[in-house]
Amino acid sequence: MDPLYTPEGVEARWQDTWEAEGLYAAGAGARREETTFVICVPPPNVTGDLHMGHALNGSLQDILVRWHRMRGYDTLWQPGYDHAGIATQNVVEKELAKEGLTRHDVGRTAFVERTWEWLETTGRTIMGQFRRLGASLDYSRERFTMDDDYVRAVMTFFVRLWDNGWIYRANRIVNWCPYHQTAISDLEVEHVDVDDTLITIRYPFADGDGRDGISVATVRPATILGDVAVAVHPDDERYAASIGREVVVPYIERRVSVISDSRVDPEFGTGAVKVTPGHDAMDFDIGRDHDLPEPIVIGPDGLMNEAAGDLAGLAQKDAGGRVLAWAEERGLVEKREHYRHAVGACERCHSRIEPLVSLQWWCAMEELAKPALEALRERRVRYHPESQHRFAIASLEHAPDWCISRQLWWGHQLPIWYCADGHLTVQVEEPSACTECASSELTRDPDVLDTWFSSALWPFATLGWPAETPELARYYPGNVSSTAREIIRLWENRMIFSGLELRGEVPFTDVIIHSTVLAADGRRMSKSLGTGLDPMEPIEEYGADATRYGLLKNSSTQDVRYSIGAIEEGRKLANKLWNVSRLILQRAHSIGPEAVPRDLEERWILARIDSARAELEDGWARFAFASSTDVLYHLTFDDFCDWYAEAIKPRLYEDDPDAAATALAALERLLALLHPVMPHVTEEIWSQLPARETRLIVAPWPEPDARFAADAGALDRVQEAAQIFRRSGVEVELDTDDERRIFRAVVRPERAHVDGNRDAEIERLRKEVARGEGMLANERFVQNAPAEVVDAEREKLERYLRELAALGG
Ligand SMILES: [Zn+2]
Ligand SMILES: [Zn+2]
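Notes on the structure follow. Residue positions are given per chain, counted from 1 along the sequence in the order it is written. Chain labels run from A onward and ligand labels from 1 onward, assigned in the order the entries are written. Selection of residues for local features in this predicted model requires a pLDDT of at least 70, selection of side-chain atom pairs for listing and counting requires 80 or more, and totals for whole chains, interfaces and linings are taken over all residues. Note: side-chain values were computed over all heavy atoms of the structure, leaving out hydrogens and water.

## Points about the overall build of the protein
- Put simply, DSSP H or I for four residues or longer makes a helix, DSSP E for two residues or longer makes a strand, and each gets a number counted from the N terminus. Looking only at helices and strands, one finds 27 helices and 25 strands in the protein.
- Taking all 809 residues of the protein together, the buried fraction comes to 54%.
- Residues count as neighbours in contact if any of their non-hydrogen atoms are within 4.5 Å of one another. In the protein, the share of contacts with a sequence separation of at least 24, taken over all contacts with a separation of at least 6, comes to 77%.
- Every accessible area reported is derived by Shrake-Rupley at a probe size of 1.4 Å, with residue values counting cover from the shown protein chains alone. Total accessible area on the protein is roughly 34900 Å²; 47% of this is exposed by carbon and sulfur atoms.
- Distance between charge centroids for the protein: 4 Å, based on 91 positive and 136 negative side chains. For every residue, the accessible area obtained with a 1.4 Å probe (protein chains only) is divided by the maximum for its type, and the residue is called buried under 20%, exposed over 50%, and partly exposed between those limits. For the purpose of counting charges, residues Lys and Arg are taken to be positive, whereas Asp and Glu are taken to be negative. His and the chain ends are not included. Note on charges: their place is set at NZ of Lys, CZ of Arg, CG of Asp or CD of Glu.

Here it is as C-alpha cells:
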C-alpha cells in the first residue's frame, strides 16, 4: 500500500470497475432473491448540471442502495432524465437567438429536430457526474421521458384519464409567461421585489355628481380596462351604504356594481378593490362566485389586445399612462405612492408573469386524489420527517384541478385530434380518421403536456409500463423516494396517485424529504445570485468519499449551511483509515482474517463494531443520516484507530499471528460498515486484504455478533483515566493488568513530561460537581432549558462524578 492515500485516480478506477463488472446492475450480488429494494432517482433535467442538492440526495440514496445490496437484496436504483419542457426549450431558443432566429422562424418540426440534435451533443451530463460521486445507479437502464416507450406510457395515461371523464378544457386564470407564451406552474415562477407606483383613483358613483365615489388603489392602471366591479369587505362600515350602487370605471366609462366579498382585505389601500377577473388570480375567483364577465384586455404577448379598443397594440406601460392622463384631467387621481412589492417572474426568462385567463386543459383532482389521501392517512406511504407528511396530506386535500397543458413545442403533444366539424378523437396512436365522421382531415392539438405529467409515471414507465414486462412485475412497487421539499405537490404526490390509478399500488412506502443545502453564509444557493457551488469542485479537491461524508454529516431535516469543514473531516477520516489498514496489512503477511481475540481490547473492539452495526441499521432505517455518519466517525477514528490499533500494536510488531488474524477480521467488518458512506477508499483497502477475490460492494453486510457484547464497556475506565491524565497530568490507579497495559500503550504517559497535581484536580472536579448539582437542582433551569441542554448537563455531572471516584476523591 502507498504510504499516503490519494483519492485521485483510485476513485475513478473503482467507478469504472464496478460498472464494467456489472456490480451496479439490478440484482448484482443478490442472495435473497425474494426481496427487492428499489429507488428511482428523481429524473434531473436533461439540460442540467449536478448541484449540491443532487449531490446530497445522491449520497443518501446511494447509502440505502449499497447497504441493501450488501444485505443481499435484489436492488435496483433506476437512473434517467426528464425532458424538462420549458427549461430545454429555453436553452435551444437561446441558441437560435445567437443566429438571430426565433422558434417561429424555423417552425415547429425543425425546432424539435434541433432540440434533439442539441441533446445529442450537449445534454445528459448529470449521470456522468453521478458516476463521479460513486452513485451505484444501474446506468445500463437509463431512461428518458421522451424515449418512444415512455411517450407511449404518457399517451396511455392521458387516454385513461380522458376515458374516466377527468380531463376537460376551460378558461381559467394561469401564470402566463409573455416571452415563452405559455402557462407555467407555480414552481416555475420566482418572486422578485420590484419598485412600483401605487396609484389611488376615484371611481365616481354612476348616479352622483361626479365628486362622490369609491377610491381604489392599483399598480397596473392598464388593467382598469378589464374592470367589471369594485369589491369591499362585507363588514367594512365605511362602505356598507355603497354596496349595490354602481360606479363608473375611468377611461372606458363602464358602469359596474359595488359588491361585497370576504376575500377583500379591508386593511389594504382604501379597503375597496377593483375587480379584474381576466388578469388577477383572486379577482378571477371573486368574479366566478359573483357571475361576472371575464374580459381580457392584455394578449398572450403581454401587449394590449383588440378588446382594449383605441389602446390595442400598446405596451401596458403606455396604455396605463393614457388611462391615468384621462383620469388626471378629470381630477380622479388622488394619490401616487412609492410601493415595493413582490411580483412573479418567469424563472427561465425573468419576464414579469401575467396572470391571464386562458383556455387550457385541466385534470379534475377529486377522484384521483381520494385513494392517494387514503394511502397517506393509513401511512401506506410515509413522508419523513412527519411535518412533511402532514404537509403532503394537506396539499392533496386542497389540490386544485391540474393545469396539464402548455403552449410549448418541446414535450409530449396532446393526443387529441380535431376534424373540420370539431369532433375530437383521443387515442394513443395517431388516428387515420375521425372516430365520429370518418373524415381523414385531422389536426392535432398544438399544446404539449406539463412536464410533471410524464414524471408522475416515473416509477413504472421506466420499467416498461404499459407493457407488462418482467421488470415491472419484479421491481414495482419500489421502496423509497427521496427529494427536496419544493416538489412534494408537483411530483411525489402525483407519483402516488398515478401509481394507485394505473397499478393499484403505491409506488413506494417511504418518501425522504432531505435538507436544502444553503451557501456557507446562509443564503440560498443560486447560479444567478453567484452563491451556487459546484459539487464537482470538492469532489476533485477532496474526493467523492470525503464529499459524500461531509454532505451527510451535515444533513438534517432542516435547511443546512454548506460546510467545507465537514468535507475536510471526511478526508481526514479516509487518511486515518488508510494508515491503520496499512499498519495491519504490513503485519498480516499471509494470515487470513479470523476473530480469535485473546486480550481485552480485541474483545472490546469486536463488541464496539457490533454495537455500531446495530446503531447504523437503526439509523439508516430511520433515514437519520447525520447521526449514523457520526457513529462511523467515532468508531473509526476513536475506537478503532486511537484505542484498539494503538493497544494492539506491540503484539502486531511481535508478529503475533492471532493478533494479526483478529485485526484483519475487525478491519474487514469496519470496512463493510463504512462502505455505504465511503465506498472507494474501503473497496481499495479491501482489494489489498490477503487472498481477496470478492468485491466489497457485494460483500455480505456483517451479521449480528453478540459474543463479545459483555466487553462493550470494558475500556470505559481506561478512557476516563486517559481523559484525566491528558487534562491534568494526574495518573489514576487502574484495577487490572490489562487496563494498565492498554493505558500505557495508548496514552504513553512517559512521553507527557507533566507532573499532575492530584489534589488540585480533585478540588477542581469537586467544584464542577457542585456547580452541576446546583444547576440541576434549579427547577427553573431544568424546566425551561431545552431538553438536550439539560441532558448534556446531567451527562457532564455523571462524568465528573466518575472521574472523581477514579481519583479516589
Ligand atoms: Zn419565460
Ligand atoms: Zn369528425
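Don't stop here, the text continues.
## What about the sheet that holds strand E12 (residues 272–275)?
- Read across the open sheet, the 4 strands follow the order E10-E11-E9-E12; overall the sheet is mixed. Of all strands in the sheet, those bounded by a partner on one side alone are strand E10 (246–249) and E12. The average angle at which neighbouring strand axes cross in this sheet is 35°, direction not considered.
- Any two strands with at least two DSSP-identified bridges between them are counted as paired. Across 4 bridges, the pairing between strand E9 (residues 229–232) and E12 is antiparallel. Residue Val-232 lies in a different strand from E12, and its bridge partner there is Ala-272. Think of each axis as a best-fit line through the C-alpha atoms, taken over the contacting stretch in the case of a helix, with angles from 0 to 180 degrees between the N-to-C directions.

## A word on the sheet that holds strand E8 (residues 213–218)
- Read across the sheet, 3 strands follow the order E8-E7-E13 without closing on themselves; strand pairing throughout is antiparallel. Edge strands, defined here as strands with exactly one partner in the open sheet, are E8 and strand E13 (333–346). When the angles between neighbouring strand axes are averaged without regard to direction, this sheet yields 25°.
- Note: strand E7 (residues 189–204) against E13, 13 bridges, orientation antiparallel. Residue pairing in the sheet places His-191 in a bridge with Gly-344 of E13.
- Contacts from helix H9 (residues 316–329) reach E7 and E13, with the element oriented near 165° to E13.

## Re the coordination of the zinc ion (ligand 1)
- Protein coordination at the zinc ion (ligand 1): the donors are Cys-177 (SG), His-180 (ND1), Cys-346 (SG) and Cys-349 (SG), at 2.1 to 2.4 Å from the metal.
- The donor set covers N, O and S atoms within 2.8 Å of the metal, switching to 3.2 Å for Na, K and Ca, and it leaves out water, so a site may look short of donors. Just to be clear on the cut-offs, tetrahedral is four donors with all angles between 85 and 135 degrees, square planar is four donors and octahedral six with opposite donors over 155 degrees apart and all others between 65 and 115, and anything else goes down as irregular. Around the zinc ion (ligand 1) sit 4 donor atoms, and with donor-metal-donor angles ranging over 101 to 116° the site reads as tetrahedral.
- Donor residues for the zinc ion (ligand 1), ordered by position in the chain, follow C-x2-H-x165-C-x2-C. Here Cys-177 is found in strand E5 (residues 167–177), whereas its partner Cys-349 is found in the loop between E13 and strand E14 (354–363), with 172 residues between them in sequence.

## Describing the coordination of the zinc ion (ligand 2)
- Note on the zinc ion (ligand 2): its protein donors are Cys-419 (SG), His-423 (ND1), Cys-434 (SG) and Cys-437 (SG). The metal-donor distances range over 2.1 to 2.4 Å.
- With 4 donor atoms in place around the zinc ion (ligand 2) and angles of 102 to 116° between them, the coordination shape is tetrahedral.
- Donor residues for the zinc ion (ligand 2), ordered by position in the chain, follow C-x3-H-x10-C-x2-C. One end of the pair, His-423, is in the loop between strand E18 (416–418) and strand E19 (424–426); the other, Cys-437, is in the loop between E19 and strand E20 (443–444), and 14 residues separate them in sequence.

## Remarks on the environment of Leu-424
- Here Leu-424 shows up in strand E19.
- Taking the relative accessible area as the measure of exposure, Leu-424 reaches 30% and is therefore partly exposed.
- For Leu-424 and Glu-436, which are 12 residues apart along the polypeptide, the C-alpha to C-alpha distance reads 8.2 Å.
- When sequence neighbours within four positions are dropped, the list of residues in contact with Leu-424 reads Trp-162, Trp-361, Ile-416, Trp-417, Tyr-418 and Thr-435.

## Some thoughts on the packing of helix H18 (residues 564–588) against helix H20 (residues 625–653)
- Running from amino to carboxyl end, H18 crosses H20 at an angle of 20°, the nearest separation of the two axes being 11 Å. In terms of axis orientation, H18 runs roughly parallel to H20. For H18 against H20, the interelement crossing comes out left-handed. In this structure, H18 contributes Glu-569, Lys-572, Leu-573, Lys-576, Leu-577, Val-580, Leu-583, Ile-584 and Arg-587 to the contact, and H20 contributes Tyr-633, Thr-636, Phe-637, Phe-640, Cys-641, Asp-642, Ala-645, Lys-649, Leu-652 and Tyr-653. If an angle is under 35 degrees, it is roughly parallel; if it is over 145, roughly antiparallel; if it lies from 65 to 115, roughly perpendicular; otherwise it is oblique. Crossing handedness follows the turn of the near helix against the far one: under a right angle anticlockwise gives a left-handed crossing, and clockwise gives a right-handed one.

## Focus on the pairing of E5
- Strand direction decides the pairing type here: E5 and E14, joined by 10 bridges, are antiparallel. Considered in E14, the bridge of Val-174 is made with Leu-356.
- Judged from the 3 bridges that link them, E5 and strand E6 (residues 182–184) form a sheet pairing that is antiparallel. For Asn-175, the partnering residue across the bridge sits in E6 and is Ile-184.
- Count of turn residues in the E5/E6 antiparallel hairpin: 4 residues, of which Gln-181 carries a positive phi of about 55°.

## What to know about the pairing of strand E22 (residues 480–483)
- The alternating pattern of E22 places Val-480 and Ser-482 and Ser-481 and Thr-483 on opposite faces, both of which are buried.
- Bridging between E22 and strand E23 (residues 510–513) involves 4 bridges; their strand directions are parallel. Along E23, the bridge assignment pairs Val-480 with Asp-510.
- For the handedness criterion, the β-α-β arrangement of E22, helix H15 (residues 488–503) and E23 is classed as right-handed. With the strands aimed away from the viewer, a crossover counts as right-handed if its path from the first strand over the helix to the second runs clockwise.

## Regarding the packing of aromatic side chains
- Aromatic rings from Phe, Tyr and Trp, taking only the six-membered ring of Trp, are treated as a pair when their centres fall within 6.5 Å; an angle between ring planes under 30 degrees marks them as stacked, one over 60 as edge-to-face, and anything in between as tilted. Scanning the model with the defined rule gives 25 aromatic pairs in all.
- Centroid distance Tyr-5 to Trp-578: 5.0 Å. Interplanar angle 35°. Geometry classified as tilted. Taken as a pair, Tyr-5 in the segment before helix H1 (7–20) and Trp-578 in helix H18 lie far apart in primary sequence, 573 residues in all. With respect to class, Tyr-5 is no different from Trp-578; both count as buried.
- With 6.4 Å between their ring centres and 20° between their planes, Phe-158 and Trp-162 make a pair best called stacked. Of the two residues, Phe-158 and Trp-162 are both situated in helix H7 (residues 148–163); the distance of 4 residues between them amounts to about one turn of the helix.
- Under the relative-accessibility criterion, Phe-158 is labelled buried at 0%.
- The structure contains a cluster of three or more aromatic residues connected by ring pairs, namely Phe-157, Phe-158, Trp-162, Trp-361, Trp-402, Phe-453 and Phe-497.
- Lysine NZ or arginine CZ positioned within 6 Å of the ring centre and within 35 degrees of the ring normal marks a charge as sitting over the ring. In this structure, Arg-103 is placed above the aromatic ring of Trp-409, and the distance from its NZ or CZ to the ring centre is 4.8 Å.

## Some thoughts on the nonpolar core
- Leu-64, Phe-130, Trp-620, Phe-625, Phe-640 and Trp-643 are the most contacted members of the largest nonpolar core, which has 138 residues in total.
- Counting residues per element, this core draws most heavily on H20, which supplies 14 residues.
- Two domains each provide a minimum of three residues to this core, namely domain 2 (564–711) and domain 3 (728–734 + 748–806).
- With residues up to four places along the chain from it excluded, the contact list for Phe-640 reads Val-580, Ile-584, Ile-605, Ile-609, Leu-635, Ala-645, Ala-663, Ala-666, Leu-667 and Leu-670.
- The next biggest cluster of nonpolar side chains, apart from the first, holds 58 residues, and it includes Trp-361, Ala-372, Trp-402 and Ile-496. The definition of a nonpolar core used throughout is a set of buried Ala, Val, Leu, Ile, Met, Phe, Trp, Tyr and Cys residues joined through side-chain atoms within 4.5 Å. Residue ranges assigned to the domains are those given by an automatic or database domain assignment.

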